[in-house]
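If you want the building blocks of each chain, they are given just below.
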Amino acid sequence: MEAGDKKELLGESFQGTPTVVPSQPTHTRKLYLESYGCQMNFSDSEIVASILSDAGFSTTREEDEADLILLNTCAIRENAEQRVRARLRQFKQAKGARPHLVVGVLGCMAERLKESLLEQEKLVDLVVGPDAYRDLPNLVDQVHGGQKAVNVLLSREETYAEISPVRLDANGVTAFISIMRGCDNMCSFCVVPFTRGRERSRDPESIVREAQELFEAGYREVTLLGQNVDSYKWNIDNKGVIKDEEQPVVRFAELIDRVAHVNPDLRVRFSTSHPKDMTDDVLEVMAQHENVCKYIHLPVQSGNSDVLKRMNRGYTREWYLERMESIHRIMPDCATSTDIISGFCGETEAEHQDTLSLMEMMSYDMAYMFSYSERPRTLAQRKYENDVPEEVKKRRLQEIMAVQKVHAANRTKSYVGRTYRVLVEGTSKKKEDQFFGRTTYNTVVVFPKEDAQPGTYVNVHVHDCTPVTLIGTITQDSEDA
Ligand code: 5AD
Ligand code: SF4
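Here is what the cut-offs are and how they apply
Residues numbered from 1 in each chain as written. Chains lettered and ligands numbered in written order. Predicted model: local features only at pLDDT ≥ 70, side-chain atom pairs only at ≥ 80, totals over all residues. Heavy atoms only, no water. Helix = DSSP H or I, 4+ residues; strand = E, 2+ residues; numbered from the N terminus. Rg over C-alpha atoms; globule rule 2.2 N^0.38 Å. Buried < 20%, exposed > 50% of the residue type's maximum accessible area, 1.4 Å probe, protein only. Contact = heavy atoms within 4.5 Å. Salt bridge = Lys/Arg side-chain N within 4 Å of Asp/Glu carboxyl O. Near = heavy atom within 4 Å. Polar contact = N/O pair within 3.5 Å; in protein donor to acceptor, adjacent residues only side chain to side chain. 1 Å grid on protein atoms, 1.4 Å probe; cavity = no way out; pocket = protein on both sides within 12 Å on 5 of 7 lines; lining within 4 Å. Sits in = over half its atoms within 2 Å of the grid points. Domains from an automatic or database assignment. Pairing = 2+ DSSP bridges. Axes fitted to C-alpha atoms, helices over the stretch in contact; angles between N-to-C directions. Expected span 1.5 Å × (residues − 1). Points joined across faces, edges and corners; volume = space filled by probe spheres on them. Nonpolar A, V, L, I, M, F, W, Y, C, P; charged D, E, K, R; others polar. Patch = residues over 30% accessible without salt bridge, like charges linked within 9 Å, V, L, I, M, F, W, Y side chains within 5 Å. Areas by Shrake-Rupley, 256 points an atom, 1.4 Å probe, with all protein chains shown as cover. Lys, Arg positive; Asp, Glu negative; His and termini not counted. Charge placed at Lys NZ, Arg CZ, Asp CG, Glu CD.

Enquirer: Provide a residue-level description of the overall build of the chain, including the pertinent values.
Expert: When its secondary structure is counted, the chain shows 13 helices and 22 strands. On C-alpha atoms alone, the chain measures out to a radius of gyration of 22 Å, which is about the 23 Å that the 2.2 N^0.38 rule sets for 481 residues. Over its C-alpha atoms, taken along the principal directions, the chain stretches across nearly 65 × 55 × 50 Å. The buried share of the chain, reckoned over its 481 residues, is 60%. A sequence separation of at least 24 residues applies to 71% of the contacts in the chain between residues at least 6 apart.

Enquirer: How would you explain the pattern of salt bridges if you had to name every residue and give the values?
Expert: Here the structure, examined in full by the defined rule, presents 36 salt bridges. Where Glu 210 meets Arg 167, a salt bridge forms, and the shortest distance between an N and an O atom there is 2.5 Å. Of this pair, Glu 210 sits in helix α6 (residues 204-216) while Arg 167 sits in the loop between β7 (149-151) and β8 (174-178), and the two are 43 residues apart along the sequence. Here Glu 210 matches Arg 167 in class, with each residue buried.

Enquirer: Summarise the environment of Met 109; cite the residues concerned and give the values.
Expert: With respect to the helices, strands and loops of the structure, Met 109 is situated in helix α3 (residues 108-120). Along the backbone, Met 109 and Leu 71 are 38 residues apart, and their C-alpha atoms lie at a distance of 9.9 Å. For Met 109, the residues in contact, after removing those within four places along its chain, are Thr 73, Cys 74, Ala 75, Glu 81 and Val 84.

Enquirer: Could you give an account of the site of ligand 1, naming the residues involved and the relevant values?
Expert: Taken together, the neighbourhood of ligand 1 is formed by twelve residues, with Arg 77, Phe 189, Gln 301, Asp 339 and Ser 373 sitting nearest. Within the backbone of Phe 189, a nitrogen or oxygen atom sits 3.0 Å from a nitrogen atom of ligand 1. A distance of 2.7 Å is found between an oxygen atom of ligand 1 and a side-chain nitrogen or oxygen belonging to Gln 301. The site holding ligand 1 turns out to be the largest cavity. Of the residues that make up the shell around ligand 1, three or more belong to each of domain 1 (7-151) and domain 2 (174-414).

Enquirer: Outline the side chain of Ser 273, listing residues and values.
Expert: Within the secondary structure layout, Ser 273 lies in the loop between β14 (267-271) and α8 (280-288). By relative accessible area, which is 3% here, Ser 273 ends up buried. Not counting chain neighbours up to four residues away, the residues in contact with Ser 273 comprise Val 229, Asp 230, Ile 296, His 297, Leu 298 and Pro 299.

Enquirer: So what's going on with the environment of Glu 385? Residues and values would help.
Expert: Checked against the element boundaries, Glu 385 lands in the loop between α12 (379-383) and α13 (390-414). Take Glu 385: its relative accessible area is 62%, and that puts it in the exposed class. Separated by 20 residues in the primary sequence, Glu 385 and Asp 365 have C-alpha atoms spaced 33 Å apart. Not counting the four nearest positions on each side in its chain, Glu 385 is found in contact with Cys 345 and Gly 346.

Enquirer: For the sheet that holds strand β11 (residues 221-225), give the residues involved together with the corresponding values.
Expert: Strand order across the open sheet formed by three strands is β8-β11-β14, with parallel pairing between neighbours. Strands with a single pairing partner mark the edges of an open sheet, and in this sheet they are β8 and β14. Each neighbouring strand pair of the sheet contributes to a mean axis angle of 25 degrees, computed without reference to strand direction. Across five bridges, β11 lies against β14 in parallel orientation. In the strand pairing of β14, Leu 225 is matched with Ser 271. Across the face of the sheet, α6 comes into contact with β8 and β11 while running at roughly 165 degrees to β8.

Enquirer: For the site of ligand 2, give the residues involved together with the corresponding values.
Expert: Taken together, Cys 183, Asn 185, Met 186, Cys 187, Phe 189, Cys 190, Val 192, Pro 193, Gln 227, His 274 and Arg 313 make up all the residues around ligand 2. In a pocket analysis with a 2 Å cut-off to the grid points, ligand 2 is assigned to the largest cavity.

Enquirer: Go over α13, please, and point to the residues and values.
Expert: Owing to its 3.6 residues per turn, the α-helix brings residues three or four apart onto one side. For α13, built from 25 residues, the straight-helix expectation of 36 Å at 1.5 Å per residue is met to within 8% by its first-to-last C-alpha distance of 36 Å. For α13, the set of buried residues is Val 392, Lys 393, Arg 396, Leu 397, Ile 400, Val 403, Gln 404, His 407, Ala 408, Ala 409 and Thr 412. For α13, the secondary structure elements touched by its buried residues are β16 (335-342), α11 (349-362), β17 (366-371), β21 (457-465) and β22 (469-474).

Enquirer: Give a detailed account of empty space enclosed by the protein, specifying residues and quantitative values.
Expert: If a probe as big as a water molecule is rolled over the atoms, it shows which places are left empty. Counted under the stated rule, the structure contains five cavities of 30 Å³ or more. What the largest cavity holds in volume is close to 580 Å³. What lines the largest cavity is a set of 36 residues, and nearest its centre among them are Ile 76, Phe 189, Cys 190, Val 192 and Gln 227. Among the secondary structure elements, those contributing two or more residues to the lining of the largest cavity are α5 (192-196), β16 and β17. Top contributing element to the lining of the largest cavity by residue count: α5, with three residues. The class makeup of the residues in the lining of the largest cavity is 19 nonpolar, twelve polar and five charged. Put simply, the second largest cavity is a space of about 80 Å³. Every residue lining the second largest cavity is listed: Ser 43, Ile 47, Thr 159, Tyr 160, Ile 163, Pro 165, Phe 176, Ile 177, Ser 178, Arg 181, Arg 202 and Glu 210. Only α1 (39-54) and β8 provide two or more residues apiece to the lining of the second largest cavity. When residues of the lining of the second largest cavity are assigned to their parent elements, the largest contribution, three residues, is made by β8. For the lining of the second largest cavity, the residue count by class is six nonpolar, three polar and three charged.

Enquirer: Explain a negative patch on the surface residue by residue, including any values.
Expert: On the surface, Glu 62, Asp 64, Glu 65 and Asp 67 cluster together to form a negatively charged patch. Along the chain, the position of Asp 64 falls in the loop between β3 (57-59) and β4 (68-73).

Take a look at the structure:
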């Protein structure tokens, strides 16, 4: 889900990022929380920090002073799991010298690995799945009482709707709002439906309220998060469970509209869209609101219809092309990005070429690119042989990345020479006297600070670029985009 100055959205960052809540006098215990994987996990960590803050924990960046260490884990590819295991082994050593230290695993690895982490490898004291975070204070007490503690029950209702997330590592300008949980799609390569359970949408009132509160606190951009935001659906009478199609239902287009109305100065982004469910009414709402950013992340996964069928994605190459055409018809300037997997089961050289040719047609601004990693319990693992040799997967991935590198650089270059409305996010990592911010197209721009402030909008004339970053200066001229 985003690179560079911002964390990834639903793509992987593989960064174990420590997160911090300021200490308060009543908070006597210290929590060290590290998050892996997609932006949904980072967003969940903010819920976890909120629940544990109410139970008397403040967070720390120093693992050495923690009473409780939690890793919010990702299971989407095998290497994500390996990184977490290596980290847990380090913590196990630390426990030798600090017997009261409690170490726990949260998130997507919890369900699948509870036995092995707790009992066989004895790496952790606590295992908690993504729908059981409200139980964390009890479970921590249980560990203090001398027991191992586990809760990996998945729920059909939990959305943590009324829990006010503690904004971790906040820049005070951009924030994530989780609008739904779980996934019902069953893409054959994907472990998410098993680790995060059934899809459920969150009450729109609580989403709009959260956006309003963020705006009042000075935030100027929200990203609405879900595994498949286009299937967002809420029925007031049934707490999101749709029993009778006659009943009034809030769908994603209406939700964006409501959030966009919070304030014209609040930018709205979202992730992730699904090609089989993305409808024109969503695109039309985006076009109507200047503050809904003109950027869509639409994962294609493969450019070949047979591969897409084996992936159980629910669309063909032609359908995908038609959806992209709609995006460009309704919003001619809209930027796009995608996810691609190389070397899925049975992928032939010709099928791989179809992915490259689709990329040539789309010329994405950005892409998250992966080689296929077989995951336990998935449809693909049960039904297909993981038969593309690792070196072939890697070579195809290199080819995909090489094409994308050229396209990204061309896209960046094409933005030079115009003036953009930029939301100032903070000081550039490389140059103290420069700010960075983003255009509506999600491209990072750096420019001399002058007297701008983070959390405000400035017009920036872009006169140069690196392959991924625009370089400009603040101008009084009106923006082109
Ligand atoms: N192997 C490789 N990539 C995967 N993704 C999901 N599951 C797998 C897997 N088993 C990728 C998809 C998805 C993104 C979040 O991660 O491209 O869109
Ligand atoms: Fe996984 Fe597919 Fe759901 Fe995305 S839409 S989380 S890839 S099952």
